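What follows is each chain in one-letter form.
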Amino acid sequence: MLEPGRGLRVACPVVTQLFPFLSPSPQAAPVVRRGLSPSLSVFLHRPPHGARLLFPLPHFTGNRRPLCIFRTKGMDPFDSEGGSRKSNKPKYSKFTQQELPACKPLLTPGIVISAFLLIGVLFVPIGLASLSASKEIVELIDRYDTSCVPVADKVGFIQNSETDKTCIRTLTVPKHMKSPIHVYYQIGDFYQNHRRYVKSRSDKQLRYRKAAHLTKDCEPEGNSAHGAPIVPCGLIAWSLFNDTYRISVNKKAIEVNKKDIAWPSDKNNKFGSDVYPSNFQKGNLIGGGKLNESIPLSEQEDLIVWMRTAALPTFRKLYGRIETDVMENDQLTVVIQNNYNTYSFGGSKALVLSTTSWIGGKNNFIGIAYLTIGGLCLFLAAVFIVLYMVKPRTLGDPSYLSWNKDTLDYPD
């Protein structure tokens, strides 16, 4: 413990400069404040070198004298070696004290106008290029879920395994379609982003052969009626899309290439090459397509594409690619096996054939968004230029401060 008297008591410099008559006399006796440790004993003299202000505001004693309390290094008994409590003061660094190098630009009218002009000049050409590329894409969309069911009871028709579900659709190509032509199936009002649906899978089971028994998260499609694990398990795999398409151009069959339609990262890192389907779609309720049990999961690309769940209720998934060009006014004949049941939940199905460009598929939103932002920036730049020319204002003029105006908003 430190001896009493190792602190100091001084008159607050700000207060004594404003009120000299409150300055204490040099002959004043030392005073110890109640409630303070001896290390905070105060004397009436100026603080020594290295003193630190304990309280930012002056304190008034019983004789109404404003005081500021300072502490020098080593005055606190807890700062000494062997103290019973460590200091909570954080270690000094430029990060904690917010002293890192920072750019603090002064937003002058010239800088603001130049920034808006730069954004506008960049965004408008990007928007025009995106719209131009999107318009060059040829896209055919054919919704077939209603026309491919000839009866009123659509659910009964699709659930009857003895019914012939073959449907033939004829399409006319409006423009020349350069290869590769991507074939998609589009499903509407199917919420693959539902929490229970997304979690109904076992990633370890899909990746490792020895993890076939890990089906806890896959209920109700985790185990078969005999207790054997289902591989792949879960509702996502169980609801695998199983419509098929056979396409011919001018009555000449063309091949739909189904190789490399899945992401390489999914094939190599999420699905094992030694994991084979077992007990899949062998229950009383069949959800979707079946899998070949002699092919490993890493090569079942239809399953891999389906297992990457969509974020929105209406989505497209890649079915395959056509590697030959299709000319304008050619007749496309599509033979569809309408097997997938979207009628129970009021969903929709469509076949999509589309070319691609440097922006991907057909998407006008990107170009419209760039044009909107760029046009808005150019408009704001023009407005600021007019305001600066008509009514200029000196930067940092103190006359615009409220307390410097002739008419105040509030009375004294």
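Here the structure is a predicted model, which is why all the values come from computation and not from measurement.

## Observations concerning the overall build of the protein chain
Thought 1: The number of helices and strands found in the protein chain is nine helices and 13 strands.
Thought 2: Looking at the protein chain residue by residue over its 412 residues, the buried ones come to 34%.
Thought 3: In the structure as shown, the protein chain presents an accessible area of about 26700 Å², 57% of it carried by carbon and sulfur atoms.

## A word on the confidence of the model for the protein chain
In low-pLDDT segments, the atomic positions of the prediction should not be examined closely.
Thought 1: For the protein chain, mean pLDDT is 81; residues scoring 70 or higher make up 78% of the total.
Thought 2: Note that pLDDT drops below 50 for residues 1–11; the model gives that stretch 49 contacts with residues more than four away or on any other chain.
Thought 3: Segment residues 13–75: pLDDT under 50, and 108 contacts once partners within four positions in sequence are set aside and those in other chains are kept.

## Focus: the sheet that holds strand β11 (residues 315–322)
Thought 1: In space, the five strands of this open sheet follow the order β5-β13-β7-β11-β10, with antiparallel pairing throughout. For this open sheet the edge positions go to β5 (139–143) and β10 (256–257), each flanked by a neighbour on one side alone.

## A look at helix α2 (residues 109–136)
Thought 1: Over its 28 residues, α2 extends 41 Å from the first C-alpha to the last, a length consistent with the 40 Å expected when each residue adds 1.5 Å.
Thought 2: Residues of α2 that are buried include every one of Ile113, Gly120, Gly127, Ser130, Leu131, Ala133 and Ser134, and no others.
Thought 3: Of the surrounding secondary structure, the elements contacted by the buried residues of α2 are α9 (364–390).

## Details of the nonpolar core
Note on soluble globular proteins: their nonpolar side chains tend to be buried together.
Thought 1: The biggest cluster of nonpolar side chains holds 54 residues, and the ones touching the most others in it are Tyr245, Ile247, Trp306, Leu332 and Leu353.
Thought 2: At the level of secondary structure, the elements contributing two or more residues to this core comprise β6 (166–172), β7 (181–188), α6 (235–238), β8 (244–249), α8 (301–307), β11, β12 (331–337) and β13 (348–354).
Thought 3: Excluding residues within four positions of it along the chain, Ile247 makes contact with Val183, Ala253, Ile254, Val256, Ile322, Leu332, Thr333, Val334 and Leu353.

## Details of the state of the cysteines
Thought 1: A complete count under the given rule lists two disulfides for this structure.
Thought 2: Across the disulfide, Cys148 is cross-linked to Cys167 (sulfur-sulfur distance 2.0 Å). Here the disulfide of Cys148 and Cys167 is left-handed, its torsion about the S-S bond being about -70 degrees. A residue pair is termed long-range when its members are at least 10 positions apart, and Cys148 in the loop between β5 and α3 (154–159) and Cys167 in strand β6 qualify at 19 residues.

## Quick word on unusual backbone geometry
Thought 1: Residue Pro220 is reached from Glu219 by a cis peptide bond, and omega for that bond is 10 degrees.
Thought 2: Along the chain, the position of Pro220 falls in the loop between α5 (203–207) and α6.
Thought 3: The linkage connecting Val231 with the following residue, Pro232, adopts the cis geometry, with an omega of -5 degrees.
Thought 4: With a phi angle near 55 degrees, Asp260 is a residue other than glycine that sits in the positive phi range.
Thought 5: Within the secondary structure, Asp260 sits in the loop between β10 and α7 (264–269).
Thought 6: By relative accessible area, which is 52% here, Asp260 ends up exposed.
Thought 7: At Asn279, a position not held by glycine, the phi torsion is positive, near 60 degrees.
Thought 8: Take Asn279: it is sitting in the loop between α7 and α8.
Thought 9: Judged by relative accessible area, Asn279 falls into the partly exposed class, the value being 25%.

## Some thoughts on the UniProt feature "transmembrane region" (unreviewed entry) in the protein chain
Thought 1: With numbering aligned to this structure, UniProt lists the feature "transmembrane region" (unreviewed entry) at residues 106–131 and 368–390.
Thought 2: Taken end to end, residues 106–131 is 88% helix and 0% strand, and its first and last C-alpha atoms sit 36 Å apart.
Thought 3: Secondary structure content for residues 368–390 is 100% helix and 0% strand, while the C-alpha to C-alpha distance between its ends is 33 Å.

## Focus on the side chain of Gln205
Thought 1: Summarising the element assignment, Gln205 is placed in helix α5.
Thought 2: Assessed through its relative accessible area of 1%, Gln205 is described here as buried.
Thought 3: Setting aside residues no more than four positions away along its own chain, Gln205 makes contact with Ala211, Ala212, Leu214, Thr215, Ile230, Val231, Pro232, Cys233 and Val275.

## Focus: the layout of surface pockets
Thought 1: In this structure, the largest pocket occupies an estimated 740 Å³ of space.
Thought 2: Trp238, Ile286, Gly287, Gly288 and Asn341 are, among the 27 residues lining the largest pocket, the residues nearest its centre.
Thought 3: Of all elements in the fold, only α3 and α6 reach the threshold of two or more residues within the lining of the largest pocket.
Thought 4: Residue classes in the lining of the largest pocket are distributed as ten nonpolar, 14 polar and three charged.

## Points about the pairing of β7
Thought 1: Across the eight residues of β7, eight count as buried, placing the element largely inside the fold.
Thought 2: Neither face of β7 is exposed, since Ile181, Val183, Tyr185 and Ile187 on one face and His182, Tyr184, Gln186 and Gly188 on the opposite face are all buried.
Thought 3: Relative to β11, β7 runs antiparallel, the two sharing seven bridges. In the strand pairing of β11, Tyr185 is matched with Lys317.
Thought 4: By the bridge criterion, seven bridges tie β7 to β13 in an arrangement that is antiparallel.

Rules of the game
Residues numbered from 1 in each chain as written. Predicted model: local features only at pLDDT ≥ 70, side-chain atom pairs only at ≥ 80, totals over all residues. Heavy atoms only, no water. Helix = DSSP H or I, 4+ residues; strand = E, 2+ residues; numbered from the N terminus. Buried < 20%, exposed > 50% of the residue type's maximum accessible area, 1.4 Å probe, protein only. Areas by Shrake-Rupley, 256 points an atom, 1.4 Å probe, with all protein chains shown as cover. pLDDT = per-residue confidence, 0-100. Contact = heavy atoms within 4.5 Å. Pairing = 2+ DSSP bridges. Expected span 1.5 Å × (residues − 1). Core = buried A, V, L, I, M, F, W, Y, C linked by side-chain atoms within 4.5 Å. Disulfide = S-S within 2.5 Å. UniProt positions renumbered as here; feature names shortened; annotations may be inferred. 1 Å grid on protein atoms, 1.4 Å probe; cavity = no way out; pocket = protein on both sides within 12 Å on 5 of 7 lines; lining within 4 Å. Points joined across faces, edges and corners; volume = space filled by probe spheres on them. Nonpolar A, V, L, I, M, F, W, Y, C, P; charged D, E, K, R; others polar.

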